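The primary structure of each chain is shown beneath.
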Amino acid sequence: MRADDYPGAAKAYYRLVAAYPAQESNWLGLIRAQMKEEAPQAALSTAQRIPPAVRQKLENSSDFLSEMALVDYGANQAAAGDQALRRAMQLARTSDSSDALSLRLQIAGEFLDHGQTARAIEIFIQATQLHPDDPSGWEGLVGAYTRGNDFSDAVSAVRRMPQKAYNAAEKHPGFLNSVALLYSARGQCSEAQNFLQRSLNLDQAAGQQPDESTQLQLADVWMREHSYTQAQSLYHDIITRNGNSVQAWRGYLVALHQKHDDGKLAAEIPHIPAAVRTRLEIDPSFLILEASAYSSTDQNRDALPLLEQARSRYKAQSKLPPVNLDIQTAWTMLAVSANEPGLGDLLADTKSRGGLTPQQRAAIEELWSTWSIRRADLAFKTKPQLAF
């Protein structure tokens, strides 16, 4: 029987429990095979058929109760799952196995995915206490802390790791990525870069494609170091493999902007997949980025609708658009036409806003002056007699 032939395993265990119903391991094997088949309801039904005497013995085992917690959660029996998990964790304090630990860590991972970080951390902490040399609990604990931006506790956990566990964890890309995030959060970008490069080297040594999330993390470190050319190149590599990566497209275009290569930025915008661009443009700052690129290449007619969309995003949230956005919009309207509808109202509204900085007041005054001159020039060209 193949190692991953779970239906075949389940059939074999069906025959075993029928022939030897008093054998505890047969029932546990059947339930595990059914869970591997992603059939929690079938596993729950099997658990309910276990003879009472056998079940009584099984319920004194952290292996069985850890498995049953997973079964109950999978069958949407949360209360029963909570009860089984609590009992499993109690029994684990006196007797535990690597299989039982693996099951509880799986549950902790599902807790994390559903936003139940505190419950996941409880499981990870116990794992580090009962199995200090096993890297799995430590990796989960550090990852949970970093996911919640609790960097101080994450650093503390790394420092408490026994050397054996740390050495084993260093062979896992996920752990290296978590440690890199800790260094990055502390402003130690060189150290973060080192851990991320090691993570990518592990992927390469295993004959795998580089992990996209690791590459994105590395590109972000390069952006923080102002290494925009390296970041741009890496973001572009990601886009080449996965054109639907929203984060990579954002990073790529921001890197171009930071390099003052707005001409290339503007040329790349039409190549963004429609669904990706729609998601990116939910953020008004991205609309402003696009508009700035178009304006810098004298494509003001393309820039103006984007700035107006950005202003609408703020208004939809019952917020006033930032003053600098209003000023940028006004300059773009003026570049399109001195008679652009709404320009006068925008200038008047912006000028009347409170809390303007001296630089903003000066920019508004310059706008008024430039607008007045251009309107006068335009009027003279169309009706020169009005100049007398």
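The coordinates are above.
This structure is a prediction, so every number in the text was calculated from the model and none was measured.

The rules behind the values
- Residues numbered from 1 in each chain as written.
- Predicted model: local features only at pLDDT ≥ 70, side-chain atom pairs only at ≥ 80, totals over all residues.
- Heavy atoms only, no water.
- Helix = DSSP H or I, 4+ residues; strand = E, 2+ residues; numbered from the N terminus.
- Buried < 20%, exposed > 50% of the residue type's maximum accessible area, 1.4 Å probe, protein only.
- Areas by Shrake-Rupley, 256 points an atom, 1.4 Å probe, with all protein chains shown as cover.
- Lys, Arg positive; Asp, Glu negative; His and termini not counted.
- Charge placed at Lys NZ, Arg CZ, Asp CG, Glu CD.
- Polar contact = N/O pair within 3.5 Å; in protein donor to acceptor, adjacent residues only side chain to side chain.
- Contact = heavy atoms within 4.5 Å.
- Phe/Tyr/Trp six-rings, centres within 6.5 Å; stacked < 30°, edge-to-face > 60°.
- Lys NZ or Arg CZ within 6 Å of the ring centre and 35° of its normal.
- 1 Å grid on protein atoms, 1.4 Å probe; cavity = no way out; pocket = protein on both sides within 12 Å on 5 of 7 lines; lining within 4 Å.
- Points joined across faces, edges and corners; volume = space filled by probe spheres on them.
- Nonpolar A, V, L, I, M, F, W, Y, C, P; charged D, E, K, R; others polar.
- Axes fitted to C-alpha atoms, helices over the stretch in contact; angles between N-to-C directions.
- Parallel < 35°, antiparallel > 145°, perpendicular 65-115°, else oblique.
- Left-handed = near helix turned anticlockwise from the far one by under 90°.

Q: Help me understand the overall build of the protein in this model?
A: Summing up its helical and strand segments, the protein has 23 helices and zero strands in all. Principal-axis analysis of the C-alpha atoms gives the protein an extent of 110 × 40 × 40 Å. Across the 388 residues in the protein, those meeting the buried criterion constitute 44%. A total of about 20300 Å² of accessible surface is found on the protein, and carbon and sulfur atoms cover 49% of it. Considering the protein, the positive charge centre built from 39 side chains and the negative charge centre built from 44 side chains are found 3 Å apart.

Q: Explain the side chain of R104 to me, please; I cannot follow it from the model alone.
A: Looking at where R104 falls in the secondary structure, it is placed in helix α7 (residues 98-113). The exposure class assigned to R104 is buried, which follows from its relative accessible area of 1%. There is a polar contact of 3.3 Å between the side chain of R104 and the side chain of S66. Residues within four places of R104 in sequence aside, it is in contact with S62, S66, L85, A88, M89, A92, D96, I123, Q126 and L130.

Q: Please clarify how the packing of aromatic side chains should be interpreted in this entry.
A: How two aromatic rings sit relative to each other is set out by the distance from centre to centre and by the angle between their planes. For the structure on display, the rule yields five aromatic pairs. Ring centres of W249 and Y252 lie 6.2 Å apart, and the angle between their planes is 70°; on these two criteria the pair is classed as edge-to-face. You can see W249 and its partner Y252 sitting in helix α16 (residues 246-258), three residues apart, about one turn around the helix. For W249, a relative accessible area of 5% corresponds to the buried category. Across from the ring centre of F195, 4.9 Å away, lies the NZ or CZ of R198, which sits over that ring.

Q: How should I be thinking about empty space enclosed by the protein in this particular structure?
A: Which parts of space are left empty comes out when a probe the size of a water molecule is rolled across the atoms. Following the criterion strictly, the structure yields one cavity of 30 Å³ or more and no others. In this structure, the largest cavity occupies an estimated 30 Å³ of space. Lining the largest cavity, in full, are D326, I327, A330, L346, L347, T350, I364 and L367. Looking at the lining of the largest cavity, the elements with two or more residues in it are α21 (323-336), α22 (343-351) and α23 (358-382). For the lining of the largest cavity, the class distribution of residues is six nonpolar, one polar and one charged.

Q: I tried to follow the layout of surface pockets on my own but got confused; where do I start?
A: Considering only enclosed or pocket space, the largest pocket measures out at about 360 Å³ in volume. Lining the largest pocket are 13 residues; nearest its centre among them are M35, K36, E67, L70 and Q106. Mapped onto the lining of the largest pocket, the elements with two or more residues apiece are α2 (24-36), α5 (62-74) and α7. Within the lining of the largest pocket, the residues separate by chemical class into four nonpolar, three polar and six charged. Forming the walls of the second largest pocket are 14 residues, and the residues nearest its centre are N177, L181, S213, T214 and Q217. Counting residues per element, the ones that place at least two in the lining of the second largest pocket are α9 (135-147), α12 (173-185) and α14 (212-224). For the lining of the second largest pocket, the leading source of residues is α14, giving six residues.

Q: Looking at this model, I keep getting lost on the side chain of T46. Mind explaining?
A: Mapped onto the elements, T46 comes out in helix α3 (residues 40-48). The exposure class assigned to T46 is buried, which follows from its relative accessible area of 1%. Each residue touching T46, except ones within four places of it in the same chain, is listed here: W27, L30, I31 and Q34.

Q: Explanation requested: the environment of D133 in the structure shown.
A: On the secondary structure map, D133 appears in the loop between α8 (117-130) and α9. Each C-alpha atom of the pair D133 and A348 lies 68 Å from the other, and the pair is 215 residues apart in sequence. Those residues in contact with D133 that sit more than four places away from it in its chain are P162, K164 and A165.

Q: Looking at this structure, I do not really get the packing of α9 against helix α10 (residues 151-160). What am I missing?
A: Closest axis-to-axis distance for the α9/α10 pair is 8 Å, and the angle between their directions is 160°. Taken together, the axes of α9 and α10 are roughly antiparallel relative to one another. Crossing handedness for the pair α9 and α10: left-handed. Contacts between α9 and α10 involve W138, L141, V142, Y145 and T146 on the former and, on the latter, F151, D153, A154, A157, V158 and R160. Split into classes, the residues belonging to the contact of α9 with α10 amount to eight nonpolar, one polar and two charged.

Q: Honestly, the environment of D298 in this entry has me stumped. Any pointers?
A: Here D298 is to be found in the loop between α19 (284-296) and α20 (300-316). A residue is classified by how much of its surface remains accessible, and D298, at 68% relative accessible area, is exposed. Taking the C-alpha atoms as reference points, D298 and T332, separated by 34 residues in sequence, lie 9.8 Å from one another.

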